[in-house]
Each structure stands twice: as structure tokens, then as C-alpha cells.
Amino acid sequence: DRQPIIAIDGPAGAGKSTVARQVAANLNLVYLDTGAMYRAVTWLVLQKGIAIDDECAIAELTNQCKIELTPNQDLQSSVRVWIDGTDVTQAIRTVQVTSIVSAIAAQSAVRQALVKQQQNWGKKGGLVAEGRDIGTHVFPDAEVKIFLTASVGERARRRQEDFNKQGQPEVSLKQLERDIAERDWKDSTRKVSPLQKAADAIEVQTDGLNISEVTAQIVNYYQQRL
Ligand code: C5P
């Protein structure tokens, strides 16, 4: 008796956020950016000066902090992200947070706490949830599961475009490719809930497709399923 759920998983920079946001707007569903939650915890760890390998302190921090995701009127940008009352919407997108988020997201206590919160938010369904483990762990009974991919080169190019738009300092394509490949590797080889295509997920390869084409494909799958 819950509303449908669309799960969108895939590696860094495959365009999940933009596509998930558009699909949600299109079908009048709520958009849930789970990566923003791991990023917010990472930001807080850095801010408190906690060592990245201090799993105990990080577990406690994750269990005590309050993460809020509020809608952003502007469809071009992500949701607003708050942790313990601080707006970290911009702060969680820095190179520094990005470079260590995978190490934080690999910690089982962190995942346990955040997945629980995601499942709570998704109880009634009616959402498009985006991340790495949505179809495999968070909402294994999602009606539509999408695995969004693109080549490393294409993803680096898209990331660079994002950085330019956000006015962030220039990072070379080579560096971005290296970062993306490293994050892919960390996310897919970790022990807890590694990035994996769910057996029943539809793989959408997005090289050469634009956002509205990918969005249309997913909306189409959804309408066929219901
Ligand atoms: O999607 P985004 O790039 O914002 O995610 C940041 C990081 O958070 C990922 O590289 C991954 O390590 C972690 N993550 C995760 N599980 C999710 C979403 C994100 O482990 N469901």
C-alpha cells in the first residue's frame, strides 16, 4: 500500500542527480539524494577535526547528527542540505569532501544509520531515490531500478562542466578521470554494500545521450511498469 519507488544507482558522475531530479519533477515524486547524506556526514567529520579512521567517533557523530534535505525551488541546483542546522548545500560539493566521502561511506555504522533514515523517509514511497545501493539494499522492492553508467572520460568531462558552472577552481580532465576511477574502485570494492547493479535493474548507458533523453527513457520504463 505504498506509492511506487524508482531506484537510480550508478558510479560517480553518470548524471544520476540531474536525471533523478528531472524524473521526480516529471512524475511528481519526491527526490532523495542519498549521496548528499554521506557528504554531509563527511563535512561534519572534517569540521569537528575527527580522524577519518576513527570509526567509533564517526559512528557516534552519525547517530547523533540531524540531516535535513529540503526542496530547492531552482531545478538547476540540488536540494538544500542541512546538518545540525547548518546549510551545507555548497560545502559538501568541494574537492576536499569529495576526496574522502568514500572512506566515510565505507564504514558500516555510518551506512547503517543513514540507510535506516532513508528507509524511514521512503516508507510511504512516492520517491525517486538516487545513490549506490538503493536497488540492492535500501529499497530492494523498488518498482523500477535503473543502473546509470557512462565512460570515465565522459563522466570527467561532465564533472568539469559542473565545476565550471559552480565557479569552482579549474581541475584538469586527467585529474578528474583519476579521481573518478579511484572513487569507482573504492565504491565497488568496499565490504559493506558495494556499488553493484541489482540483478533486476535496467542498465542505461548515457554516453552521447542528453539529460532529457535519459529522463524520457526512465519515465517510459516507469509508465510501462505501472
Ligand atoms: O552521489 P555522490 O557523488 O554525491 O556520492 C558521494 C559518495 O557517497 C559516493 O562516492 C559513495 O562513496 C557514497 N554513497 C554511498 N551510497 C549511496 C550514495 C553515496 O556509498 N547510496
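As recorded in an unreviewed UniProt entry, the protein goes by the name Bifunctional pantoate ligase/cytidylate kinase, listed as coming from Nostoc sphaeroides CCNUC1.

Caption draft 1: How the structure looks around the nonpolar core. Grouped together as the largest cluster of nonpolar side chains are 51 residues, with contacts concentrated most on I6, A7, I8, A40, V128, A129 and I146. For this core, the element with the highest residue contribution is helix α2 (residues 34–48), accounting for eight residues. Non-local contacts of I6, meaning those with residues more than four positions away in its chain, are made with V23, L29, V128, A142, V144 and Y222.

Caption draft 2: Examining the site of the ligand more closely. In the vicinity of the ligand, 13 residues are found, and the nearest of them are G35, Y38, A105, G131 and R132. At the level of secondary structure, the elements contributing two or more residues to the shell around the ligand comprise α2, α4 (95–105) and α8 (173–189). Sorting elements by how many residues they give to the shell around the ligand places α2 first, with four residues. Broken down by class, the residue content of the shell around the ligand amounts to four nonpolar, four polar and five charged.

Caption draft 3: Focus on α4. Buried within α4 are the following residues: V97, V101, S102, I104 and A105. Viewed end-on, α4 has its buried residues packed into an arc of 160°, placing them on one side of the element. Buried residues belonging to α4 abut α2, α3 (55–64), α5 (108–121) and α8.

The rules we used
Residues numbered from 1 in each chain as written. Predicted model: local features only at pLDDT ≥ 70, side-chain atom pairs only at ≥ 80, totals over all residues. Core = buried A, V, L, I, M, F, W, Y, C linked by C-beta atoms within 7 Å. Buried ≥ 20, exposed ≤ 12 C-beta atoms within 10 Å, placed from the backbone. Helix = DSSP H or I, 4+ residues; strand = E, 2+ residues; numbered from the N terminus. Contact = placed C-beta atoms within 7 Å. Near = placed C-beta within 6 Å. Nonpolar A, V, L, I, M, F, W, Y, C, P; charged D, E, K, R; others polar. Arc of directions from axis to C-beta.

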